[in-house]
Amino acid sequence: MGGNLQLIASAGADKGGFRRLRDLREPVPTAMLDYWTKKRGDRLMPRPDEMDPVEFPALLPNIIVLQVAYDPIEITYRLMGEETIQANGGNFRGRTVRSLDEVRPFFGSMLFEFYKWVALARRPVGAGGSMEFAGRGLMNFEAVYLPLSTDGERTDRIFGATAYAPISALERLRTEISTI
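This write-up is about the structure you can find in this document. (Residues numbered from 1 in each chain as written. Predicted model: local features only at pLDDT ≥ 70, side-chain atom pairs only at ≥ 80, totals over all residues. Heavy atoms only, no water.)

1. Side note on the overall build of the protein
Step number 1: Helix and strand counts for the protein come out as five helices and six strands.
Step number 2: Listed N to C, the secondary structure of the protein is α-β-α-β-β-α-α-β-β-β-α in terms of helices and strands.
Step number 3: A fraction of 56% describes how many contacts in the protein between residues 6 or more apart in sequence connect residues 24 or more apart.
Step number 4: Surface accessibility of the protein: about 9,600 Å² in total, with carbon and sulfur atoms responsible for 53%. (Helix = DSSP H or I, 4+ residues; strand = E, 2+ residues; numbered from the N terminus. Contact = heavy atoms within 4.5 Å. Areas by Shrake-Rupley, 256 points an atom, 1.4 Å probe, with all protein chains shown as cover.)

The following block contains the structure:
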């Protein structure tokens, strides 16, 4: 665990972390979680083809879709909404998650370990806190990551929805002063 904590701090995400699903408050992740839950029904996960963007057009700017391959495990960006692209400083469609280490040291490795955990857990995961985003600087965020499966057993896609909120200069200064 110590190595993962060092990886998280090195990636600039040490003020972010897991959130209980019941503690999510932002409309974007909560609406996506509700949608996923309805599509899942009594199964472990819904199928990727059941996620119909026509049914959630207002959420599209805030989504990501990741492809999960196995043997060895690799995770690749398939789709990013415009808000997600802006926050992260680029469209990573077609790139592996680990390749983001080239953009920001340790960031891709940290995300890879997180997404790998989501894929293997085969359950929805909430996240939130504050983090330094390449496209917009320090921001608060709240997100949900939802596994999808074509065979009903193994995660082959992860569907994410994130709400972003800028941190004011005053709030940032208060945070900095509190750490002195």
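So that's the structure; there's more coming.
2. Details of the nonpolar core
Step number 1: Judged by nonpolar contacts, the single largest core of 30 residues is most densely connected at L66, Y77, V97, L111, Y115, Y145 and I158.
Step number 2: In terms of residue count, helix α4 (residues 107-121) provides more of this core than any other element does, eight residues in total.
Step number 3: Those residues in contact with V97 that lie beyond four places of it in its chain are L66, I75, Y77, G108, L111, F112 and Y115. (Core = buried A, V, L, I, M, F, W, Y, C linked by side-chain atoms within 4.5 Å. Buried < 20%, exposed > 50% of the residue type's maximum accessible area, 1.4 Å probe, protein only.)

3. Considerations on α4
Step number 1: Taking 1.5 Å of rise per residue, 15 residues should cover 21 Å, and α4 covers 21 Å from first to last C-alpha, within 8% of that figure.
Step number 2: All of the buried residues in α4 are F107, G108, M110, L111, F112, F114, Y115, V118 and A119. (Expected span 1.5 Å × (residues − 1).)

4. Comments concerning a nonpolar patch on the surface
Step number 1: A cluster of nonpolar side chains, namely L173, I177 and I180, defines an oily patch on the protein surface of about 370 Å² accessible area.
Step number 2: Among the secondary structure elements, I180 is positioned in the segment after α5 (169-178). (Patch = residues over 30% accessible without salt bridge, like charges linked within 9 Å, V, L, I, M, F, W, Y side chains within 5 Å. Salt bridge = Lys/Arg side-chain N within 4 Å of Asp/Glu carboxyl O.)

5. Quick look at the pattern of salt bridges
Step number 1: Summed over all chains, the structure comprises seven salt bridges.
Step number 2: For the salt bridge of R47 with E50, the shortest nitrogen-to-oxygen distance reads 3.7 Å.
Step number 3: A relative accessible area of 18% means that E50 is categorised as buried.
Step number 4: The shortest N-O distance in the salt bridge between R98 and E74 comes to 3.0 Å. Placement of the pair is R98 in the loop between α3 (82-88) and α4 and E74 in strand β3 (residues 74-80), with a sequence separation of 24 residues.
Step number 5: When salt bridges with common partners are traced through the structure, they connect R43, R47, D49 and E50 into a single cluster.

6. Details of the side chain of E50
Step number 1: Looking at the secondary structure, you find E50 in the loop between α2 (27-40) and β2 (63-69).
Step number 2: In this structure E50 touches Y35, K39 and R43, once residues within four positions along its chain are discounted.

7. Digging into the side chain of T155
Step number 1: Among the structural elements, T155 can be located in the loop between β5 (137-148) and β6 (157-166).
Step number 2: Relative accessible area serves as the criterion here: at 0%, T155 is assigned to the buried category.
Step number 3: In this structure the side chain of T155 is engaged in a polar contact, spanning 2.9 Å, whose partner is the backbone oxygen of A119.
Step number 4: When near neighbours in sequence (up to four residues on either side) are disregarded, T155 contacts M45, V68, Y70, A119, R122, P147 and L148. (Polar contact = N/O pair within 3.5 Å; in protein donor to acceptor, adjacent residues only side chain to side chain.)

8. Quick word on unusual backbone geometry
Step number 1: Looking along the chain, the bond that leaves D71 and enters P72 is cis, with omega of 0°.
Step number 2: In this fold, P72 is placed in the loop between β2 and β3.
Step number 3: Residue F106 is not a glycine yet carries a positive backbone phi of 75°.
Step number 4: Position of F106 among the secondary structure elements: in the loop between α3 and α4.
Step number 5: One non-glycine residue, R122, lies in positive phi territory at about 60°.

9. Notes on the environment of R93
Step number 1: By the element assignment, R93 lies in the loop between α3 and α4.
Step number 2: Here the alpha-carbon distance between R93 and R78, two residues 15 residues apart in the chain, equals 5.1 Å.
Step number 3: Look past the residues within four positions of R93 in its chain and what remains in contact with it is Y77, R78 and M80.

That is the geometry; function is a separate question.
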